[in-house]
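One letter stands for each residue in the lines below.
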Amino acid sequence: MSYFEKVYEVVKMIPVGKVATYGQIARMLGTPRRAKIVGWALHKNPYYGEVPCHRVVNRNGEISSAFAFGGEFEQKKLLEQEGIIFDESGKINLNKYLWNPY
């Protein structure tokens, strides 16, 4: 299985109403220095609708300005539909919404 495919398998596990960070996914795959590669994999996601890449944000709880499937506003819309609330600066409270698979 390629690294990108491994990324997609982890992202599929993020539950509705939770988010993960690029670095968190990289660490889960045993490659803590590959957060940018995780981002690249999600940008190239060929499984739209199957891999919820909108649930992955940066370490500051910010959404991507280059969200591949409709832009950053689409990512925010999808997350809000899942019950995630953004603060006045446009960030997600990771203490509340960060996925903890362990």
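Within each chain, residue numbers correspond to sequence positions counted from 1 in written order. With pLDDT at 70 or above as the cut-off, local features in this predicted model cover only qualifying residues; side-chain atom pairs require 80 or more to be listed or tallied, and sums for whole chains, interfaces and linings still use all residues. The basis for every side-chain value is the complete set of non-hydrogen atoms in the structure, without hydrogens or water.

Student: Where do I start with the environment of K91 in this structure?
Tutor: Inspection of the secondary structure puts K91 in the loop between helix 4 (72–81) and helix 5 (94–97). A 1.4 Å probe rolled over the protein chains alone gives each residue an accessible area, and that area as a share of the maximum for its type sets the label: buried under 20%, exposed over 50%, partly exposed in between. Since its relative accessible area comes to 30%, K91 is described here as partly exposed. It is 7.6 Å that separates the C-alpha atoms of K91 and I63, two residues lying 28 residues apart in sequence. Excluding residues within four positions of it along the chain, K91 makes contact with N60, G61, E62, I85 and F86. Numbering of helices and strands runs from the N terminus; a helix is a DSSP stretch of H or I covering at least four residues, while a strand is a stretch of E covering at least two. Here a residue-residue contact requires only that any non-hydrogen atoms of the pair lie within 4.5 Å.

Student: So what exactly am I meant to see when it comes to helix 1 (residues 3–11) here?
Tutor: Each turn of an α-helix holds 3.6 residues, which means side chains three or four residues apart point in the same direction. Buried within helix 1 are the following residues: Y3, V7, Y8, V10 and V11. Burial along helix 1 is one-sided: seen end-on, the buried residues are contained in an arc of 160°. Where the residues of helix 1 are buried, they touch helix 2 (22–28), helix 3 (35–43) and strand 2 (56–57). Comment: arc refers to directions from the helix axis out to C-beta atoms.

Student: I tried to follow the pattern of salt bridges on my own but got confused; where do I start?
Tutor: Two side chains with opposite charge may pair up if their charged atoms get near one another. Each reported salt bridge corresponds to a side-chain nitrogen of Lys or Arg within 4 Å of a carboxyl oxygen of Asp or Glu. All chains considered together, the criterion is met by 4 salt bridges. Close ionic contact of K91 with E62 constitutes a salt bridge, the shortest N to O distance being 3.9 Å. Within this pair, whereas K91 is found in the loop between helix 4 and helix 5, its partner E62 is found in the loop between strand 2 and helix 4, the two being separated by 29 residues in sequence. For E62, a relative accessible area of 28% gives the class partly exposed. The closest approach of N and O atoms between E74 and K77, which form a salt bridge, is 3.4 Å. Here E74 and its partner K77 are both found in helix 4, 3 residues apart, which amounts to about one turn of the helix. You can call E74 partly exposed: its relative accessible area is 21%.

Student: Please explain the side chain of E82 as it appears in this structure.
Tutor: Residue placement: E82 occurs in the loop between helix 4 and helix 5. Pairs of N or O atoms are called polar contacts if they sit within 3.5 Å, as long as, within protein, a hydrogen donor faces a hydrogen acceptor (for residues adjacent in sequence, only side-chain-to-side-chain pairs). In terms of polar contacts, E82 uses its side chain to reach the side chain of R55, at 2.8 Å. Discounting residues that sit within four places of it in the chain, E82 has contacts with V16, G17, H54 and R55.

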